Amino acid sequence: MMKASFLSLTLLAIVSVMIVDAFGCQRSTLMMKRGRGSFAKKKGAKSGGMGSRSVEPMGSGVSSNNAWYPVSGVSSAGDLPNEEGKVQLVDTMVKKLINGATNPTGAVGVAKHEGSVYCFSASCSSCKIPLNKAKVLGPSEETGSDPRIMCDFCSATYNLRTGERVASAGGNGLIGGIVKGLFSKKEEAPLDVYALGEKDGSVVINVS
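Notes on the structure in this doc start here. (Residues numbered from 1 in each chain as written. Predicted model: local features only at pLDDT ≥ 70, side-chain atom pairs only at ≥ 80, totals over all residues. Heavy atoms only, no water.)

**What to know about the overall build of the chain**
Selection rule: Secondary structure elements follow DSSP: runs of H or I of four or more residues count as helices, runs of E of two or more count as strands, with numbering from the N terminus. Relative accessibility thresholds used throughout: buried, under 20% of the residue-type maximum; exposed, over 50%; partly exposed, between the two (1.4 Å probe, protein chains only). Whether two residues touch is decided by their heavy atoms; if any such pair falls within 4.5 Å, the residues are in contact. Note on areas: Shrake-Rupley with a 1.4 Å probe; residue coverage comes only from the protein chains shown.
The number of helices and strands found in the chain is 2 helices and 11 strands. Its helices and strands taken in sequence order, the chain reads α-β-β-β-β-β-β-β-β-β-α-β-β from the N to the C terminus. Burial status across the chain gives 44% buried among its 208 residues. At a minimum sequence separation of 6, the contacts of the chain that also span at least 24 residues come to 56%. Carbon and sulfur atoms form 56% of the exposed surface of the chain, whose accessible area is close to 10,800 Å².

**Considering the pairing of strand β4 (residues 108-113)**
The test is simple: A pair of strands is considered paired only if DSSP assigns at least 2 bridges between the two.
Along β4, 6 of the 6 residues are buried, which leaves the element largely enclosed by surrounding structure. Of the two faces of β4, both are covered, the one formed by V108, V110 and K112 as well as the one formed by G109, A111 and H113. The sheet contact formed by strand β3 (residues 88-90) and β4 spans 3 bridges and is antiparallel. Counted as the bridge partner of L89 is G109 from β4. If you look at the hairpin formed by β4 and strand β5 (residues 116-121), you'll find 2 residues sitting between the two strands, and E114 has a positive phi there, around 50 degrees.

Encoded structure:
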């Protein structure tokens, strides 16, 4: 019993380090890409919502309401990932997405697949590990024409467009299986997905 508890605590500590490392490294990379000028713009950006009027939809996400917010982590659509199949974490600074303990910058994941841009939660809904190293996969019989995304840590797999949980595309592995056990209550939870748009040259995100 003591060994199991010690293993769980150790694993949780490792997960915490991975979360801090993932978000920290991603912010450093984005800062280098944007430069000081963009950081000044980010610092003065507002996080209030705006209507959908004049917002041009971007990618394949579907907006569920008129709650559009400026994405502070990018200065233009050109800052979004262009490399196919690679996940990039983007800081939004949108209050509704900020969690002081696990996501202090309101980061979201953004990936490109066959020319379409997808936006989703920065962390796996099953194991809570950041999805910066997740694998973007092609469609399956279950998802139709929609691509999938698989957590590299626990192998939880989701429909990249809808966020729906689908059949796992890989094995759990020893550590992944233990993590799934720790978070079993939320194991089947869908992945939050968001629509992106462009307004007056700036990137905006639709958040419920």
